[in-house]
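Coordinate analysis (summary)
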Amino acid sequence: MTEKTYRIDIEGRAAVRARPGDTLLEVAAEAGLEVSADCGGAGTCGKCRARAGGLLEPPSDAERKLLSAREIESGVRLACQARISGDAGAVFEGNAVSSEITDFCMEYEPPDSGRGHAPDSERGFGLAIDIGTTTLNARLVDLETGRAAASAASANPQRIYGADVASRLSFAVSGGLGALRSGLRRRVSRMVEWLAERGGVEAGAAKRSIVVGNPTMLSVFFGYDPSGIGAAPFTPPFTGTAAALARELGIPAAEGAVAETLPVVAGYVGADAVSAALRAGLHRPGGPRLMIDLGTNAEMVLAAGGEIWACAAAAGPAFEGAHISCGSTAREGAVDTVMLSEDGTLAVGTIGGAAPEGLCGTGLIDALAVLLDSGALAASGRLTAPEDGPIADRLSGGDLGSQPEFHIVRPGEMGARRPVSITQQDIREAQLAKGAILAGAETLMAAAGVDAASLEAVYLAGALGYSLNSKSAIRIGLLPGARPEIVKFIGNAALDGAADALVSAKAREDARLLGDSIRYFELSSAPGFADRFAAAMAFPANLH
Ligand code: FES
């Protein structure tokens, strides 16, 4: 008996077939769209909204709870809940990203003898791959020169199963591990084909691959069961390195070519942190230096007194755009700069200069700094709407029970179709993220006996680490040792470190030694962490 299928139009540009009972979320993924689904399809976050038509099963209880009667009447559905019962169609409301692969045009300085990691001059090409919770990045690297022949970025397709590691783990435990793994491997495979085409080399010619990422992502990709990471004592299925034949992982590569990770240290300190620490040079002697990888899970590595310590703080994905009402990843059109100009007007910039379509992490941090400087945001995080002041006309609500909002962009401004605003709830999410990062850094430094004033450098890695305004970061109290001159942005250091290790045996050896020497520090049970976290959620009252 052939299984019944229906025709589903997604965004009016893709027609796919679906089986009865499939959700619109699943169908959108099939059509090449990743829809924001912070709760992993549990029906609690409301992020997967779509305007739908055609034959669908009636709204679920979760939809009736999160959507108003008027919205339901006008065809708004939660894609994770709406199940297909016949031909149908759906349009998402700015909350879906395509699975396209784009050029990851971030600067990369190949390793050199100055850093002690000169390429070994092997002929051929290799791959450096960073599997982030939100974004995947990969580089095709000339093994002889260390130069990047092409670089690619794409959304992590697992995003539809939840924005953070915890939701991916719970999806894996409830039977979704296969879906997580196959989607990820398929996307990496497509990225490698894309890189080969761009780099003008034969797909399947890569002689070696170095893969970094957090322990959950690496476990899923390399075929391990990550469920031990989900609960105390947060044990990863492997520590140190893992390796496999690249082709067995779906990576187009030369026959017999191996894909290996850099060392994993603990359940939440992975090869990405080791790689970023390598790139920051924390394995070399020097004064106290702190590296923070500003991801969903903020990994921190501290070098001090001849020892290297590491911890991870559950910052959550607020600075990557999730759990924020107008949140966006750092993609074209995302508001990434917000500042008060000298004449008191608000100056807003977007990635690529495109019409504003959302707010990414750097824009959120800037906006909070503007609110603090203008007196509209109290140290406690309470947003008020003053009657005058430079941005008074952009603040609304706060009375009669309505939520206060700061309208960074109003419809029509800069060509925006929708407003880009931050709400009181967004500010609470940002406080949780910045509180976790600051308290994590302070607790780690206290354990290592390091005073913030003695820090020689704070390296910031991750997607935010390209364009974050260090003054804004300091203004909101994100960083310890608040001195702009010691803050250094090192971009996607995890990918860069992987590329270094790809071409240099010395870099691989340094990464191995680094992994062996890191002392893992568990924050959740550390004395003083909870108190520091509570205090670190507050914003600095005034830095002037
Ligand atoms: S409500 Fe969260 S994914 Fe649908």
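Residues numbered from 1 in each chain as written. Predicted model: local features only at pLDDT ≥ 70, side-chain atom pairs only at ≥ 80, totals over all residues.

Things to note about the overall build of the chain
Looking only at helices and strands, the chain features 12 helices and 26 strands. The C-alpha atoms of the chain give a radius of gyration of 23 Å, which matches the 24 Å a tight globule of 544 residues would have. A principal-axis box enclosing the C-alpha atoms of the chain has dimensions of 70 × 65 × 45 Å. Taking all 544 residues of the chain together, the buried fraction comes to 54%. Across the chain, the fraction of contacts at a sequence separation of at least 24, relative to all contacts at a separation of at least 6, is 68%. (Helix = DSSP H or I, 4+ residues; strand = E, 2+ residues; numbered from the N terminus. Rg over C-alpha atoms; globule rule 2.2 N^0.38 Å. Buried ≥ 20, exposed ≤ 12 C-beta atoms within 10 Å, placed from the backbone. Contact = placed C-beta atoms within 7 Å.)

A word on the packing of helix H6 (residues 271-280) against helix H11 (residues 505-517)
Running from N to C, H6 and H11 point in directions that differ by 120°, and their axes come no closer than 10 Å. Like other packed secondary-structure pairs, H6 and H11 cross with a definite hand, here right-handed. Of the residues in H11, those touching H6 at Val274, Ser275, Ala277 and Leu278 are Ala507, Asp510, Ala511, Leu514 and Gly515. Looking at side-chain class alone, the contact of H6 with H11 contains six nonpolar, two polar and one charged residues. (Axes fitted to C-alpha atoms, helices over the stretch in contact; angles between N-to-C directions. Left-handed = near helix turned anticlockwise from the far one by under 90°. Nonpolar A, V, L, I, M, F, W, Y, C, P; charged D, E, K, R; others polar.)

Overview of the sheet that holds strand S8 (residues 102-103)
Taking strand neighbours across the sheet as the criterion, the seven strands line up as S8-S11-S10-S9-S12-S14-S13 in an open arrangement whose pairing is mixed. Where the open sheet ends on each side, the last strands, each with one partner, are S8 and strand S13 (243-245). Of the pairings in the sheet, the one linking strand S12 (residues 208-213) to strand S14 (residues 258-261) comprises four bridges and is parallel in character. Note that in S14 the partner of serine 209 across the bridge is alanine 259. Packed onto the sheet, H6 meets strand S9 (125-131), S12 and S14 and runs at close to 105° relative to S12. (Pairing = 2+ DSSP bridges.)

Thoughts on the environment of glycine 40
Along the chain, glycine 40 turns up in the loop between strand S3 (33-35) and strand S4 (49-56). Expressed as a C-alpha distance, the spacing of glycine 40 and tyrosine 161, which sit 121 residues apart in the sequence, is 3.9 Å. Other than its neighbours up to four places away in sequence, glycine 40 contacts Tyr161, Gly162, Ser167, Ser170 and Phe171.

Quick look at the pairing of S4
Where S4 lies against strand S5 (residues 76-78), three bridges are found, and the strand directions are antiparallel. Paired with alanine 50 across the strands is arginine 77, a residue of S5. Alignment of S4 against strand S6 (residues 84-92), held across six bridges, turns out to be antiparallel. Among the inter-strand pairings, alanine 50 is bridged to a residue of S6, identified as phenylalanine 92.

Concerning the sheet that holds strand S20 (residues 358-359)
Here three strands make up an open sheet; going across it, the order is S19-S18-S20 and the pairing mixed. Taken across any chain shown, the strands that pair with only one partner, and hence form the sheet edges, are strand S19 (346-350) and S20.

Some words on the domain arrangement of the chain
Taken domain by domain, the chain holds domain 1 (6-98), domain 2 (102-278 + 496-507), domain 3 (281-317 + 430-494 + 522-536) and domain 4 (318-424). Here the C-alpha centroids of domain 3 and domain 4 sit 25 Å apart. Taken together, the 19 residues of domain 3 in the interface contact 16 residues of domain 4. Counting only elements with at least two residues in the side of domain 3 that touches domain 4, the list comes to helix H8 (424-448) and helix H9 (470-475). Within the side of domain 3 that touches domain 4, the residues separate by chemical class into 12 nonpolar, six polar and one charged. (Domains from an automatic or database assignment.)

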